[in-house]
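In case you want the letters, here they are:
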Amino acid sequence: MSRLVVLSNRMPLGPDPSGGLVVALRDQLTAVGGLWIGHDGEIVETPAPALQPLDGGPFERKGFDLTQAEHDGYYLGFANSVLWPLFHGRTDLLDMQGDYLTTYRAVNRRIARMVAEELRPGDRLWVHDYHLFPIAMELRSMGFDNPIGLFLHIPFPSAGDCHALPDVGLFARWLAAYDLIGLQSQRDVAAFRDCFASVEGARVAPDGTVAHGGRTVRAGAFPIGIDAAGFAAIAAQQGLDRTDAPAVGEHLIIGVDRLDYSKGLPQRFRAFGHLLDLRPDLAGKVSLLQIAPPTRGELAAYQDIREELEQLSGHINGQHATIDWTPIRYIHRAVPRERLAGLYRAAMIGLVTPLADGMNLVAKEYVAAQNPEDPGVLILSKFAGAAEQLTEALIVNPHSPDEVAQAIVTALSMPMGERRKRHRAMMHTLLRHDVEWWSDGFLSALDAAAHAPAKPVLRVV
Ligand code: ADQ
């Protein structure tokens, strides 16, 4: 049986790595002797010439290290100052320094050479995310014809934004070297086709198949899931319930996000402030708990958002707080998973309002954590990939303070029967389309794509 080799920028570390992706792939990796390759977190002066085995763990792991210059140009630079903002529609935040693309390509070439040492004939390689786009092209140029798939965790950019890339033709060739591109939503598949339709020399078929530079690649929506049953069980064990909420205000609203400008946190705080302006009677009765651990703090855009949020929460609290009530509690650090599950369950509302998001797993975790007898209400941005699946959430435009405030009011007064009905429908979706369904679906499609004969495609441009 062919081995599964997973390649991601970040390696699941520690003797018992957890996280959705690990849970989803653990069986595949252990059953057929698979391998996970990723950054081992080390910044070194001279990188090791080959992948380094990491001891312990439920499956084989091998790590690569990075120099400081590589970390700056590849990770902080091209990946997170060019690709991340561009793929989230924030071309205003692009920081396109001259050497970023060169470093990104060089690091990817170095990683591809080390991966090549590991790959055996027939191995399937599953690459994750925007840090590693060039891997397939590099391996193809070394003569590898293994099945190679890419899953993009973030949104695919609009055709217009694709052309803000330093070299859109090169980007198209990177993607065309894969057999399968997995995207989070139908919206992303449509954007993928639009982008290729606008690239010179690319041909797109109605089923999403794209021919470019002598290769054919298929794209499809594979919405990532969570271990819904497992998360529900963890939440139920925490012993926290809605009746515990008075300790934190009569109605608790929870937000959980990495501190990232794509997550719409200033807009969320403003919408909550707007609610308190509109409805003074809610003073002392509702509070927003926002948990936002810092990420990528070396980058100016992330320092700016942190400052903006501190000012906004200070301002709103200064205006509305009373001696015994703080409207916004803003916690700037990670919280253990079990604790998070309990807090989701105690919260009357899950407020998930990104401006752009591939999927958003917090929305799914919030639903899975609810007590089915007395579930809370999910308020979800229409710009999260999850909105295509969780249609029974209250779907909002996160840019509109009125709409978000109104949805909070609706949620606070939603009858129990309606809450249960919506929760049941969403839970059904989460259980059916869980993380195992996602990884099985992607890997079967990769097998099919790698072994399918090239299809005739229509000329679009
Ligand atoms: P992220 O942008 O990181 O992921 P998300 O999908 O919400 O966004 O996942 C965040 C994860 O981190 C969740 O599992 C959440 O519980 C956890 N987390 C967040 N804050 C935390 C805190 N303070 N303490 C502990 N845990 C915390 C990217 C894409 C998403 C896509 C995922 C998976 O941007 O759109 O859904 O990958 O594909």
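Residues numbered from 1 in each chain as written. Predicted model: local features only at pLDDT ≥ 70, side-chain atom pairs only at ≥ 80, totals over all residues. Heavy atoms only, no water.

**A short note on the site of the ligand**
- Taken together, 22 residues lie near the ligand, and His-153, Val-335, Asp-357, Leu-361 and Glu-365 sit nearest.
- At a separation of 2.7 Å, an oxygen atom of the ligand approaches a polar side-chain atom of His-153.
- Against a free-state accessible area of 710 Å², the protein chains account for coverage of 84% of the ligand.
- Taken together, the elements giving at least two residues each to the shell around the ligand come down to helix 11 (337-346) and helix 12 (361-369).
- Mapping the shell around the ligand onto the domain boundaries places at least three of its residues in each of domain 1 (4-225 + 437-451) and domain 2 (228-431). (Near = heavy atom within 4 Å. Polar contact = N/O pair within 3.5 Å; in protein donor to acceptor, adjacent residues only side chain to side chain. Areas by Shrake-Rupley, 256 points an atom, 1.4 Å probe, with all protein chains shown as cover. Helix = DSSP H or I, 4+ residues; strand = E, 2+ residues; numbered from the N terminus. Domains from an automatic or database assignment.)

**A look at a negative patch on the surface**
- A grouping of Asp-27, Asp-227, Glu-436 and Asp-440 is seen on the molecular surface, where their side chains present a negatively charged patch.
- One can find Asp-27 in helix 1 (residues 20-31). (Patch = residues over 30% accessible without salt bridge, like charges linked within 9 Å, V, L, I, M, F, W, Y side chains within 5 Å. Salt bridge = Lys/Arg side-chain N within 4 Å of Asp/Glu carboxyl O. Lys, Arg positive; Asp, Glu negative; His and termini not counted. Charge placed at Lys NZ, Arg CZ, Asp CG, Glu CD.)

**Examining the domain arrangement of the protein chain**
- By domain assignment, the protein chain separates into domain 1 (4-225 + 437-451) and domain 2 (228-431).
- A separation of 31 Å is found between the C-alpha centroids of domain 1 and domain 2.
- Each partner contributes to the interface: domain 1 provides 22 residues, whereas domain 2 provides 19 residues.
- Ranking the residues of domain 1 by area buried against domain 2 places Leu-76, Trp-84 and Arg-187 at the top, with a combined share of 31%.
- The interface formed by domain 1 and domain 2 holds zero salt bridges in total.
- Taken together, the links from domain 1 to domain 2 amount to eight residue pairs in polar contact (both at pLDDT 80 or more). (Contact = heavy atoms within 4.5 Å. Buried area = accessible area lost by both parts, 1.4 Å probe.)

**What about the sheet that holds strand 6 (residues 148-151)?**
- Across the sheet, which stays open at both edges, the ten strands sit in the order 3-4-2-1-5-6-7-10-9-8 with mixed pairing between neighbours. For this open sheet the edge positions go to strand 3 (52-54) and strand 8 (203-204), each flanked by a neighbour on one side alone.
- As paired elements, strand 3 and strand 4 (residues 60-66) share three bridges and run antiparallel to each other. Across the sheet, Pro-53 pairs through a bridge with Lys-62, a residue of strand 4.
- Together, strand 1 (4-10), strand 2 (35-43), strand 4 and strand 5 (124-128) form the strand contacts of helix 3 (residues 98-118), whose direction differs from that of strand 4 by roughly 150 degrees.
- The strands touched by helix 7 (residues 186-197) within the sheet are strand 7 (180-183), strand 8, strand 9 (210-212) and strand 10 (215-221), with strand 10 carrying the most contacts at an inclination of about 155 degrees. (Pairing = 2+ DSSP bridges. Axes fitted to C-alpha atoms, helices over the stretch in contact; angles between N-to-C directions.)

**Some thoughts on the environment of Lys-285**
- For Lys-285, the position within the fold is in the loop between helix 9 (265-278) and strand 12 (286-291).
- Distance from Lys-285 to Glu-250, taken between C-alpha atoms, is 4.8 Å for residues 35 residues apart in sequence.

**Description of the side chain of Asp-257**
- Its location among the elements puts Asp-257 in the loop between strand 11 (251-256) and helix 9.
- Since its relative accessible area comes to 5%, Asp-257 is described here as buried.
- Side-chain polar atoms of Asp-257 contact the side chain of Arg-268, separated by 2.8 Å.
- Residue contacts for Asp-257: discarding those within four places in its chain leaves Lys-263, Leu-265, Arg-268, Gln-290, Ile-291, Ala-292 and Pro-293. (Buried < 20%, exposed > 50% of the residue type's maximum accessible area, 1.4 Å probe, protein only.)

**A closer look at unusual backbone geometry**
- Positioned with a positive phi, Asp-129 is a non-glycine residue whose angle comes to about 80 degrees.
- Position of Asp-129 relative to the elements: it lies in the loop between strand 5 and helix 4 (135-141).
- At Asn-360, a residue that is not glycine, the phi angle is positive and equals roughly 90 degrees.
- Topologically, Asn-360 is positioned in the loop between strand 14 (349-352) and helix 12.
- Residue Asn-360 is classed as buried on the basis of its relative accessible area of 6%.

**Things to note about the nonpolar core**
- Counting residues in hydrophobic clusters, the biggest one holds 101 residues, and the most contacted among them are Leu-7, Phe-133, Ile-135, Leu-139, Phe-156, Phe-171 and Phe-192.
- The leading source of residues in this core is helix 2 (residues 68-87), at ten residues.
- Two domains each provide a minimum of three residues to this core, namely domain 1 (4-225 + 437-451) and domain 2 (228-431).
- By size, the runner-up hydrophobic cluster in this structure holds 55 residues, among which are Leu-340, Tyr-366, Leu-378 and Ala-387. (Core = buried A, V, L, I, M, F, W, Y, C linked by side-chain atoms within 4.5 Å.)

**Concerning the sheet that holds strand 14**
- Ordered by their spatial adjacency, six strands build an open sheet running 13-12-11-14-15-16, and the pairing between neighbours is parallel. Of all the strands in the sheet, the pair left with one neighbour each is strand 13 (328-331) and strand 16 (394-396). Strand-to-strand twist in this sheet, taken as the mean axis angle between neighbours without regard to direction, amounts to 20 degrees.
- For strand 11 and strand 12, the ladder comprises six bridges, and the chain directions are parallel. In the strand pairing of strand 12, Leu-252 is matched with Ser-287.

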